[in-house]
Each structure stands twice: as structure tokens, then as C-alpha cells.
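Here is how the chains run, residue by residue.
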Amino acid sequence: GPVVALRADMDGLPVTEQVDVPFKSTAKAQWNGQEVGVMHACGHDNHMAIQLGAATVLAKMRDRLPGTVKLIFQPAEEGPGGAEPMIKANVLENPKVDAIFGLHVFPFPAGSVVYRSGPAMASADSFIIKVKGRQTHGAVPWGGIDPIVVGSQIVLALQTIISRSVDITEAPAVVTVGRFTGGNRSNIVPEEIELEGTVRAFNENVRTQIHDRIRSIATNIAESAGATATLEFGLGYPVTRNDPALTERMVPTLQRVAGADNVRSGPLTGTAEDFSYFQQKVPGLFFFLGVTPRNQDHTKAPANHSPLFFADESALPVGVRLMTNLALDYLHGK
């Protein structure tokens, strides 16, 4: 029979938990040379609990399954990405997976479901631009080549990529410079500066186009000033793209389990997910499960990655039923 996979991720974050719950994390770890708190600030502990619940239910009806359910417990979604090495280790083979489902808790009303057909979450890439000029005294800037000025021109020019080079009617995109580092004294023009940023896109062609424009802008602006620019791209997760046919087929399952009034199609989101690697290999559906208490305004609830992120556990049984029924309905050909 068919083979369906259910995926749950399990890693935490270097965040000190501030939520007053009996199971509040007090764990400590080393991160980037600093001692930090450790918290399930993205709710992956919920994903694991839901997957274990679904596994328990499905195991009890093993002899009645018209096919196979493969349970994928994945580390390192928060980085550097655990899905890709698991795929290389043949997690989708023997038996070969026909479809895969995953969910993520999010500050929507508890028990509600938000999905999107086609592109749903952005690709996420990083870049570092190093601009090398020639150091000189700040009082005689003409005696050198100022990489700070060159870097500033590059930052401004990068903003034209989205506004002038990308067809935003096809798909939105973002280029953000989040770090500008250089110099150590007010009266010294430094030798070198460094820029670091992120690229988010919902289309692989747009993603490639942005990379090419960043490289062209940085190198040409630097060259025009007599400086040099070198670039490093860190390719992150691809676009999380829900298979349209699979999504259309399984939406009735989502509605039956969570209630039609609790299921809706949502907007694009600029965050990224390495579930996208699975979707490059097999049809997949990834959706959001709300975990904000119903008596709270979910639009004002602390978001994922916040030290105040809180998940209402009343959503967990809904998650178990969703994942279990998605697997069963797929196997039964519904």
C-alpha cells in the first residue's frame, strides 16, 4: 500500500524562558562562547508530543493500516538543518515515501489551523560582504579609500533590488542588511568593513536573481571607488511549498478534524522551514496549529522565539487527531 511520513522536529533555542509554568526550563548551555538559557521557544516540544501521540494511536491499529506510516523525528531544524542530512541518509526510502505531512505551532487561536497551497514559507539565505579599502587618517580621507562610504553606498543600492529589479507581482522578496561592522576609532578610516544580511524569497528564480544582483552591486560599487568587495553566500532553506494537489485533497480532513470554522487559508510568511527539503523530494503539506489560549488576543501574544512564548496544551490533542487522520485518510485514498 501507500507510504505516508509524519515529521516532527525536536530542537530548542538559546533563549532564557520567562514563562511561569511548572516545567519552566532552567537548562544552560554554551552558545557562541556565551552561557545561555535553553528553551523550547519555537514549540518543537509540542511537535514531539503530538507526533508521539499520533504514533501511539497508529501503532494500536497497525493491523488495520492499508499501507505504511513512517515517523520522522528530526533534529536541528533551527540550524544547520536536520532534514537534508536525513534525506541523504535515505529517510525517505525503504520503503519509499509517497507523501509527507508536518505542522508547526503558532500564536493563532488554540486548535485552529492555518494552511496555504503552493509557496507558504520563504527561502532563507545569508550573505557577508567584505569591503576592503585603504586605511588613512580621518583628517585626510583623500589619502586612502574609505570602505565605510563604499559599504554605505552598497547598503543603499541593495534596497533597489526589490524596488527596481524584482517583479513583485510574481512573488514578494526581502533583502535586509542586519550588521554593518568596521573601524575602531573616530579619526581613522579603516582598512576593511563587513556587512551581513539575509535574503527571503518565495520563488527559486527570484532567489537566484537576487543573489546575482547582490554580487553585481557590491563588486561594481566597490570597484568604482577603487576598493574591492568579496562575497560569501550561505544557502539556507529552500521555499516551503505545499503541493497544490495534495493540499486540496487533504483540506477536507483538516476541516473535519478541527472544524470548518477553525480552518483557513493564510498569507505568506517570511520565516523559513527545512521541511522544504522533504517537499523537494515528495509531495508535502505543512500547516500551522494555533496554540494561543482562546481567552487571549492571539495578535498580541508573544510569538515564537520569544522568552514569553506559551502554548496552550488544549491544542495538543487536536494536533494528534490532525496528524493521525491525515495519515489514515491518505492511506485510505481519501
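Residues numbered from 1 in each chain as written. Predicted model: local features only at pLDDT ≥ 70, side-chain atom pairs only at ≥ 80, totals over all residues. Heavy atoms only, no water.

J.: Can you walk me through the overall build of the protein chain in this structure?
T.: Counting its secondary structure elements, the protein chain contains seven helices and 16 strands. Expressed as lengths along the three principal axes of its C-alpha atoms, the size of the protein chain is roughly 80 × 45 × 40 Å. Per-residue burial over the protein chain gives 49% buried out of 334 residues. A separation of at least 24 residues holds for 82% of the contacts in the protein chain among residues at least 6 apart in sequence. Summed over its atoms, the accessible surface of the protein chain is roughly 16100 Å², and 53% of this surface lies on carbon and sulfur atoms. (Helix = DSSP H or I, 4+ residues; strand = E, 2+ residues; numbered from the N terminus. Buried < 20%, exposed > 50% of the residue type's maximum accessible area, 1.4 Å probe, protein only. Contact = heavy atoms within 4.5 Å. Areas by Shrake-Rupley, 256 points an atom, 1.4 Å probe, with all protein chains shown as cover.)

J.: Where do I start with empty space enclosed by the protein in this structure?
T.: One simple way to see leftover space: roll a probe sized like a water molecule over the atoms. All told, the structure shown has one cavity of 30 Å³ or more when counted by the stated rule. Lining the largest cavity, in full, are Arg 7, Ala 8, His 47, Ile 50, Gln 51, Leu 103 and Met 323. Secondary-structure elements contributing two or more residues to the lining of the largest cavity are β1 (3-9) and α1 (44-60). In terms of residue count, α1 provides more of the lining of the largest cavity than any other element does, three residues in total. Split by residue class, the lining of the largest cavity holds four nonpolar, two polar and one charged. (1 Å grid on protein atoms, 1.4 Å probe; cavity = no way out; pocket = protein on both sides within 12 Å on 5 of 7 lines; lining within 4 Å. Points joined across faces, edges and corners; volume = space filled by probe spheres on them. Nonpolar A, V, L, I, M, F, W, Y, C, P; charged D, E, K, R; others polar.)

J.: Is there a simple way to explain the packing of helix α5 (residues 244-258) against helix α7 (residues 315-331) in this structure?
T.: Two quantities define a packed helix pair, namely the angle between the axes and the distance from one axis to the other. Where α5 contacts α7, the two axes come as close as 9 Å, and the packing angle between them is 135°. Taken together, the axes of α5 and α7 lie oblique to each other. The two elements α5 and α7 meet at a crossing, and its hand is right-handed. In contact with Leu 246, Arg 249, Met 250, Thr 253, Leu 254, Arg 256, Val 257 and Ala 258 of α5, α7 contributes Val 318, Arg 321, Leu 322, Asn 325, Leu 326, Asp 329 and Tyr 330. (Axes fitted to C-alpha atoms, helices over the stretch in contact; angles between N-to-C directions. Parallel < 35°, antiparallel > 145°, perpendicular 65-115°, else oblique. Left-handed = near helix turned anticlockwise from the far one by under 90°.)

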